[in-house]
Amino acid sequence: MATSETRGAAVMTPTKGPDKAVAVRLENLSKTYPGTDVPAVDTLSLDIADGEVFTLLGPSGCGKTTTLRMVAGLEVPDQGDIYFGDREIVITERGRRVPPEKRNIGMVFQSYAIWPHMTVEQNVSFPLKTRHMGRGEIKDRVANVLELVGMPGLEKRPGPLLSGGQQQRVALARALVTEPRVLLLDEPFSNLDAKLREQMRAELKHLQQRLNIAVLFVTHDQIEALSLSTGIALMNLGVVQQRGHPRLLYEEPANEFVRDFVGKTALFKGEVRTANPSGQVAVAIGGAPDCVVFGRSYETGKLEDGREVYIAVRPEDLEIMAGDSGAAPSGTIGATVVTALFIGERLEYEVEVDGQSKIQVYGPRHAPFEETDRVWLKIRPEGHSVWPSDWSHVASINEDP
Ligand SMILES: Nc1ncnc2c1ncn2[C@@H]1O[C@H](COP(=O)(O)OP(=O)(O)OP(=O)(O)O)[C@@H](O)[C@H]1O
Ligand SMILES: [Mg+2]
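Residues numbered from 1 in each chain as written. Chains lettered and ligands numbered in written order. Predicted model: local features only at pLDDT ≥ 70, side-chain atom pairs only at ≥ 80, totals over all residues. Heavy atoms only, no water.

With respect to the site of ligand 1
- In the neighbourhood of ligand 1, the contacting residues comprise Tyr33, Ala40, Pro59, Ser60, Gly61, Cys62, Gly63, Lys64, Thr65 and Thr66.
- Gly63 places a polar main-chain atom, nitrogen or oxygen, 3.0 Å from an oxygen atom of ligand 1.
- One of the side-chain nitrogen or oxygen atoms of Thr65 is found 2.8 Å away from an oxygen atom of ligand 1.
- Relative to its unbound accessible surface of 640 Å², ligand 1 loses 56% to contact with the protein.
- Class assignment of the residues belonging to the shell around ligand 1 gives a composition of four nonpolar, five polar and one charged. (Near = heavy atom within 4 Å. Polar contact = N/O pair within 3.5 Å; in protein donor to acceptor, adjacent residues only side chain to side chain. Areas by Shrake-Rupley, 256 points an atom, 1.4 Å probe, with all protein chains shown as cover. Nonpolar A, V, L, I, M, F, W, Y, C, P; charged D, E, K, R; others polar.)

Here it is in structure tokens:
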């Protein structure tokens, strides 16, 4: 477990370069709900720059909504501070707390659908009316924001006569109409079907790039997180496990939780050939000693030559080829197909690797294998992650350790 010093040190470095202003800074936020003894959020620190989509990702109950609600002002942290730019929003020690309506945020929460008894215009203009804005300006702003979310001219449409996707866009328009500095989105697409979700994802990305505001996005859907975000904090049990660019979490997971939550993994047993201090490790795959591949480890100090390790390989970094009853050729490892699932764009196989365990591999549609077929597996030579076989602790390793 990382100490609070390492978390504190990491947060002082902006996630983007110095040219980008920090729009939101969360410092050591903690929250334990009354009647519970485990923190819902535990010393969480993050920086989000203008123009960034920062995603809180993690399993149900890991503290995503609680974090968002603290940023919105709907929940009071027990500890920690929140800044929007230079503005102090929450300073716990001094009892400073800007009320939600003065924070200049837009919110779309899963449970905050649009108001069904109102038209599109009434829904979107509501936050402006509460600010006593003039009618002319309200009309202009509503028209502009509807244009922005791709629903021009639908002002008079009653809420119930909208599709699910249109309702989500109205909710987004209502969140944007006040021109917030920060947009908070809590699982905004979770009610939509898969196709519409994909479309909304792309639209949100375009919209966000045009507006250049900071977005704090909550999801437990890793595809949404990987595709939309400039940065991700993967949380578990209220604690950030790793923070950084989506590629960093996918390609260099800080611990087993991150490795197994983000994407799929095939684990091979192997033996360290060489490990250099920068974290590159050469591993000979168990049962195929002339099959040597390279991976990254955060624990090179523990990886003396000959040490037994696991190497974690993403399924797309494995090639499956026709085999036979003989020995696997040099540089490959033998396996037997256990199940073959045709899923449209590819086949997904479960294979039993010789001398190892069962793993998942993808193969092309045009060269299918069947159950019990012998196959050879070729592992991409590099780009994997390496884990001591007794690895059990959870380290909190950030982008800037
Ligand atoms: N009002 C509350 N009172 C007590 N405990 C709460 C309350 N709200 C949330 N919790 C607890 O705090 C923890 C974090 O909850 P939170 O809603 O932040 O999770 P989440 O990551 O948003 O999960 P999900 O993906 O299911 O929405 C959970 O253990 C939850 O049971
Ligand atoms: Mg939630």
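Section: the sheet that holds strand β17 (residues 333-342)
- On the basis of which strands lie adjacent, the open sheet formed by five strands has the order β16-β20-β17-β18-β19 and antiparallel pairing. Of all the strands in the sheet, just β16 (318-322) and β19 (358-363) have a single pairing partner and so form its edges. Within this sheet the neighbouring strands show an average axis-to-axis angle of 45 degrees, counted without direction.
- With six bridges joining them, strand β18 (residues 347-353) and β19 adopt antiparallel strand pairing. Note that in β19 the partner of Glu348 across the bridge is Tyr362. (Pairing = 2+ DSSP bridges. Helix = DSSP H or I, 4+ residues; strand = E, 2+ residues; numbered from the N terminus. Axes fitted to C-alpha atoms, helices over the stretch in contact; angles between N-to-C directions.)

Quick look at the nonpolar core
- Judged by nonpolar contacts, the single largest core of 33 residues is most densely connected at Val124, Leu172 and Leu176.
- Listed by contribution, the elements that provide at least two residues to this core are α3 (120-129), α4 (135-148), α5 (164-176), β8 (182-186), α6 (194-211) and β9 (214-219).
- Looking at this core, the element that brings in the most residues is α5, giving six residues.
- Contacts of Leu172, omitting those with residues within four sequence positions, involve Val108, Val149, Leu183, Leu185, Leu204 and Leu207.
- Listed in part, the 30 residues of the second largest apolar core include Ile48, Phe54, Met70 and Leu216. (Core = buried A, V, L, I, M, F, W, Y, C linked by side-chain atoms within 4.5 Å. Buried < 20%, exposed > 50% of the residue type's maximum accessible area, 1.4 Å probe, protein only. Contact = heavy atoms within 4.5 Å.)

Description of α6
- The terminal C-alpha atoms of α6, which comprises 18 residues, lie 26 Å apart, in line with the 26 Å expected from a rise of 1.5 Å per residue.
- Every buried residue belonging to α6 is among Arg197, Met200, Arg201, Leu204, Leu207 and Gln208, and all of these are buried. Each buried residue of α6 sits inside an arc of 135 degrees when the element is viewed along its axis, so together they form one side. Across α6 from its buried face, at more than 90 degrees, point the exposed residues Lys195, Glu198, His206, Gln209 and Arg210.
- The inward-facing, buried residues of α6 contact β3 (53-57), α4, α5, β8, β9 and α7 (222-228).
- A positive backbone phi angle near 55 degrees is found at Asn212, which sits one or two residues after α6. (Expected span 1.5 Å × (residues − 1). Arc of directions from axis to C-beta.)

Observations concerning the side chain of Gln241
- Locating Gln241 in the fold gives a position in strand β11 (residues 239-244).
- Among the residues examined, Gln241 registers a relative accessible area of 5% and is labelled buried.
- Here Val239 takes part through its backbone oxygen, which lies 3.3 Å from a polar atom of the side chain of Gln241.
- Only 3.3 Å separates the side chain of Gln241 from the side chain of Asn255, close enough to count as a polar contact.

Describing the sheet that holds strand β13 (residues 280-285)
- Strand order around the closed barrel formed by five strands is β12-β13-β14-β21-β15, with mixed pairing between neighbours. On average, adjacent strands in this sheet sit at an angle of 55 degrees to one another, irrespective of strand direction.
- Pairing of strand β15 (residues 308-313) with strand β21 (residues 384-388) involves four bridges; the strand directions are antiparallel. Across the sheet, residue Tyr310 finds its bridge partner in β21, namely Trp387.

Brief notes about helix α2 (residues 64-72)
- Buried residues dominate α2, accounting for seven of its nine residues.
- For α2, the full list of buried residues reads Lys64, Thr66, Thr67, Leu68, Met70, Val71 and Ala72.

Examining the layout of surface pockets
- Estimated volume of the largest pocket: approximately 510 Å³.
- Around the largest pocket, the lining is made up of 16 residues, and of these Ile105, Met107, Pro127, Arg131 and Thr178 lie nearest the centre.
- Only β7 (105-109), α3 and α5 provide two or more residues apiece to the lining of the largest pocket.
- A per-element tally of the lining of the largest pocket places β7 first, with three residues.
- Counted by class, the lining of the largest pocket contains nine nonpolar, four polar and three charged residues. (1 Å grid on protein atoms, 1.4 Å probe; cavity = no way out; pocket = protein on both sides within 12 Å on 5 of 7 lines; lining within 4 Å. Points joined across faces, edges and corners; volume = space filled by probe spheres on them.)

A short note on the side chain of Glu224
- By the secondary structure assignment, Glu224 is in helix α7.
- The class of Glu224 is buried, set by a relative accessible area of 1%.
- Of note is the side chain of Glu224, whose polar atom sits 2.9 Å from the side chain of Arg197.
- Setting aside chain neighbours within four positions, we find Glu224 in contact with Phe189, Arg197, Arg201, Phe217 and Thr219.

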